[in-house]
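Structure at a glance
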Amino acid sequence: MDAAAGTAGRRTLRLADATWTEVRDLLARDPVALVPVGAVEAHGPHLPLATDVIIAEGICRRATAALARPAAVAPAVAYAVAEYAAAFSGTVCLPAAAAAEHLQGIVDGLRRTGFARVCLVNAHLEPAHVQVLRGVRGAAFADCLEKRFARTLTEEFKRGACHAGRYETSLVLAERPDLVRGLRAGLPPLPIDLAAAMRRGVRTFEEAGAADAYFGDPAAASAEEGEQIYARLVDMVATVVAEAWPT
């Protein structure tokens, strides 16, 4: 079977892997384009810089099976506003204006090529970055900080101590366990409410008390919990897509 025949009738595509003819055929079926959004940012000594990208891609990959319409998963947006971790090696921070223009250009480009429905699926929760996403025109936004979705997530997430902690480490263990460093088992819990610190005006992870760029309890993470969290995040995406474009 050749590659083209193997994609005939497929409900989902990875956009970067598809040919233009495969995309053309999918567009005839009224699909939604899911855009994973993350960051290149320090996530403790145990998780990769691309943690948020990995999580966003994991949500999108799982969500395609839960949607009532065909879907394409676009290449991830890997760079973002990431000022809180800017002092840590490897973090790449975009100015908010550049990030906004880039994201708007991606949405506009997807719509121009034929995707009338675009949904941003974000896993990077820095407030300035989320504000950028909320300002993008022409796309739905699956926002896990929205109260109706946030209350379905883990206790650590709701306590605001989830950057590279149990919540995110579980998600990466479920998606890319090969990238989780073994030293995470020896990391002590750091139950600092990062969200509350941000509201108080703290501007960096170090100011918030995270000298190693993590909050929460990474040692308590598990792949099983990661899959449970993904199920809730997939429900979020399916809800947002259904509300934006009822079938």
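Remember, it's a predicted structure, so these values are computed and weren't measured experimentally.

**Details of helix H3 (residues 51-63)**
- Between its terminal C-alpha atoms H3 stretches 18 Å, which fits the 18 Å expected from 13 residues at 1.5 Å a residue.
- In terms of residue burial, H3 counts as a mostly covered element, since 11 of its 13 residues are buried.
- Three or more residues of H3 are buried, namely Thr51, Asp52, Val53, Ile54, Ile55, Ala56, Gly58, Ile59, Cys60, Arg62 and Ala63.
- Buried positions along H3 lie against strand S2 (32-37), strand S3 (71-73), strand S4 (118-122), helix H8 (166-175) and helix H11 (223-244).

**Comments concerning the sheet that holds strand S5 (residues 140-142)**
- Ordered in space as S1-S3-S2-S4-S5, the five strands form an open sheet in which the pairing is parallel. Because the sheet does not close on itself, it has two edges, and the strands there are strand S1 (12-14) and S5. Adjacent strand axes in the sheet meet at a mean angle of 25° when their direction is disregarded.
- Contacts from H11 reach S2, S4 and S5 within the one sheet, and its direction differs from that of S5 by about 160°.

**Some details on the packing of aromatic side chains**
- Scanning the model with the defined rule gives four aromatic pairs in all.
- Here the aromatic rings of Phe157 and Tyr167 are separated by 4.9 Å at their centres, their planes lie at 45°, and the arrangement is tilted. With Phe157 in helix H7 (residues 155-159) and Tyr167 in helix H8, this pair connects stretches of sequence that are 10 residues apart. Considered together, Phe157 and Tyr167 belong to a single accessibility category, that of buried residues.

**Quick look at unusual backbone geometry**
- Unusually for a residue other than glycine, Asp30 sits at a positive phi of about 60°.
- Mapping Asp30 onto the fold places it in the loop between helix H2 (20-27) and S2.
- One non-glycine residue, Ala213, adopts positive backbone phi at about 65°.
- Position of Ala213 among the secondary structure elements: in the loop between helix H10 (205-208) and H11.
- Classification of Ala213 as buried rests on a relative accessible area of 1%.

The rules behind each value
- Residues numbered from 1 in each chain as written.
- Predicted model: local features only at pLDDT ≥ 70, side-chain atom pairs only at ≥ 80, totals over all residues.
- Heavy atoms only, no water.
- Helix = DSSP H or I, 4+ residues; strand = E, 2+ residues; numbered from the N terminus.
- Expected span 1.5 Å × (residues − 1).
- Buried < 20%, exposed > 50% of the residue type's maximum accessible area, 1.4 Å probe, protein only.
- Contact = heavy atoms within 4.5 Å.
- Pairing = 2+ DSSP bridges.
- Axes fitted to C-alpha atoms, helices over the stretch in contact; angles between N-to-C directions.
- Phe/Tyr/Trp six-rings, centres within 6.5 Å; stacked < 30°, edge-to-face > 60°.

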